[in-house]
Amino acid sequence: MDQGDGVNPDPRRSLPSVDKLTREVVRACPRLPEWAVVAACRSILRNARDEAELLVSRGADANAFAKFAETPWAVRVAARASELVSPHPKRVINATGVILHTNLGRAPIAAGAAQAAVDASVGYSNLELDLATGRRGHRLSAVAEKLCVLSGAPAATAVNNCAAAVLLTLDTLARGREVVVSRGELVEIGGSFRVPAIMERAGVKLVEVGTTNRTHPRDYAEAIGPDTALLLKVHRSNFEQTGFVTDVELAELVEIGREHGLPVLEDLGAGTLLDLGDRGVPRDVYAPGRIALGADVVCFSGDKLVGGPQAGIILGSEEKIAAIKRNPLARALRLDKMTLAALDWTLGRMLDGSAQADVPLLSMMLEGVPSLEARAQQLRERVAPLARAGVRVGIEKGHVPIGGGSLPGVEFESRALVVSGEGPEWSADEIMRRLRENDPPVLARVRDDAVCFDLRTLQAEDVEAVACALENALR
Ligand SMILES: *Cc1c(COP(=O)(O)O)cnc(C)c1O
């Protein structure tokens, strides 16, 4: 007999069985599919048993046990089951003003790029077939050719993402040998991409030179030895260094490389294929410019400033790109046909000059302030009826970063609709919570307990959806 029975009952015994709970939820919510209810029951009850064990081990009192026993398990299961059946990822509205929002999927691809992916994948495609000869073709040749025309690079290829591009390039050009990199560039990019960890995985020996804030040309020259295979430069994508800082420019690094017969790899991260220097985008991320400066290989992401699908673009000399393509790892890191089709479409618009109109990242980034102002006024007029006692609605000037761990210190002027309410019912956090529950969910930003809807990331068709979401949230 359990001595504690009745006095301190094991709280686990108060839990219903999976079968009983499933039946209860299926009866109460007949629209939820049974597979989701069963899976949700299992996971909720697993957590509940852990919770119960914790109560016992902490020596919690009868009150705590009674409270535990009263937990509305069925309600939790129904909520979890609805989460399970809702598609993921699904569309949300980005009103944060951050164009490359890592949590919101970085660059949205163009409708035309998405359609190209559908067309290439719903039926069969000529992915690896040359239609002119009827012989086997190469899946990457169209994208590679467009990349070469856009960038002036002698050769190009693309893989799954920029991390893969760096891994593959290091593995191809430096496996088992030394790679020299500045301590000021041993960065961690959000989402756990760490330069030293990638280098280790590629089997290269990292030779760090300089200090966090200062690296000089002689530091590289002194570190070069018989085992050196490559000089690496990494764009400091997500932070800025100011003050007592010295970096070795790419041109200088290329010169050092030439003197010692060593190739230079630059990991640009957020590289661009269009020169947006006069539009506030620093020229040091313009990939063709890096090739022109003599970098042997340049890598960057497809879904950052290129505004395309997730991909890792690699530009370089014919010899280096050929070696990279021959590496067996390239097969493991290759792009799928949907991504290839979307990337090919996006590069095509850059070549025919329509990218600024058709690629959402570029149209959002380059939209002029008068146009933002006009759209902000339009949204304000639309939601004007919501302004009442206790709720204020206005328009604010501000600046937004590009985001996504790219272009630190670069900001674009913007306009936001600002909504603030009085009292806990209309606190910014509460309004934000309600907006996330909207269909589609709306993500805004909070400043001084006011909710800001930034027009820079709101597409024309989003304005009405935001107004409806706000109406619901402020009901
Ligand atoms: C973002 C970034 C990466 C990683 O790119 P993914 O496409 O996410 O793999 C690598 N290097 C730099 C410098 C970056 O900014």
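Residues numbered from 1 in each chain as written. Predicted model: local features only at pLDDT ≥ 70, side-chain atom pairs only at ≥ 80, totals over all residues. Heavy atoms only, no water.

A. The arrangement of the pairing of strand E11 (residues 297-301) in detail. The buried count for E11 comes to five of five residues, which makes it a mostly enclosed element. Both faces of E11 are covered, namely the face carrying Val297, Cys299 and Ser301 and the face carrying Val298 and Phe300. Of the pairings in the sheet, the one linking strand E10 (residues 264-269) to E11 comprises four bridges and is parallel in character. Opposite leucine 265, over in E11, you have valine 297 as the bridge partner. Handedness of the E10-helix H11 (residues 287-292)-E11 crossover: right-handed. (Buried < 20%, exposed > 50% of the residue type's maximum accessible area, 1.4 Å probe, protein only. Helix = DSSP H or I, 4+ residues; strand = E, 2+ residues; numbered from the N terminus. Pairing = 2+ DSSP bridges. Right-handed = clockwise from strand over helix to strand, strands pointing away.)

B. Examining the environment of lysine 320 more closely. Of note, lysine 320 is situated in helix H12 (residues 318-326). Overall, the relative accessible area of 13% leaves lysine 320 in the buried class. Separated by 165 residues in the primary sequence, lysine 320 and alanine 155 have C-alpha atoms spaced 8.5 Å apart. Setting aside chain neighbours within four positions, we find lysine 320 in contact with Leu173, Pro263 and Val297. (Contact = heavy atoms within 4.5 Å.)

C. Focus on the sheet that holds strand E17 (residues 450-454). Spatially, the four strands line up as an open sheet ordered E13-E14-E17-E16, and their pairing is antiparallel. At either end of the open sheet lies a strand with only one pairing partner, and these are strand E13 (391-401) and strand E16 (445-447). The sheet shows a mean angle of 35° between the axes of neighbouring strands, taken without regard to direction. As judged from the three bridges shared by E16 and E17, these two strands associate in the antiparallel manner. Residue pairing in the sheet places arginine 445 in a bridge with cysteine 452 of E17. (Axes fitted to C-alpha atoms, helices over the stretch in contact; angles between N-to-C directions.)

D. The environment of glycine 423, seen in detail. In this fold, glycine 423 is placed in the loop between strand E14 (411-421) and helix H18 (428-437). Residue glycine 423 is classed as partly exposed on the basis of its relative accessible area, which comes to 42%. For the pair formed by glycine 423 and glycine 390, sequence separation is 33 residues and the distance between their alpha carbons is 8.0 Å.

E. View of the state of the cysteines. According to the stated counting rule, one finds zero disulfides in the structure shown. Between cysteine 162, a cysteine without a disulfide, and cysteine 299, which holds the nearest cysteine sulfur, the sulfur-to-sulfur distance is 5.7 Å. (Disulfide = S-S within 2.5 Å.)

F. Structural view of the domain arrangement of the protein. Looking at the assigned domains, one finds that the protein contains domain 1 (3-85), domain 2 (93-100 + 366-473) and domain 3 (111-356). Computed from C-alpha atoms alone, the centre-to-centre distance between domain 2 and domain 3 is 35 Å. On the side of domain 3, 16 residues touch domain 2, which itself brings eleven residues to the contact. For the pair domain 2 and domain 3, the summed buried area comes to about 1100 Å², and 75% of that belongs to carbon and sulfur atoms. Among the residues domain 2 hides against domain 3, the three largest losses belong to Leu366, Leu407 and Pro408. Together they make up 51% of the total. For the pair domain 2 and domain 3, the number of links is zero salt bridges. Among the residues making up the side of domain 2 that touches domain 3, the classes are represented as seven nonpolar, four polar and no charged. (Domains from an automatic or database assignment. Buried area = accessible area lost by both parts, 1.4 Å probe. Salt bridge = Lys/Arg side-chain N within 4 Å of Asp/Glu carboxyl O. Nonpolar A, V, L, I, M, F, W, Y, C, P; charged D, E, K, R; others polar.)

G. Fine view of the nonpolar core. By size, the foremost hydrophobic cluster in this structure holds 58 residues, and its most contacted members are Phe300, Leu305, Leu315 and Met365. When residues are assigned to domains, this core turns out to be shared by domain 2 (93-100 + 366-473) and domain 3 (111-356), each giving three or more. Non-local contacts of leucine 305, meaning those with residues more than four positions away in its chain, are made with Leu100, Ala270, Gly271, Thr272, Val281, Val285, Leu361, Met365, Ile402 and Leu407. (Core = buried A, V, L, I, M, F, W, Y, C linked by side-chain atoms within 4.5 Å.)

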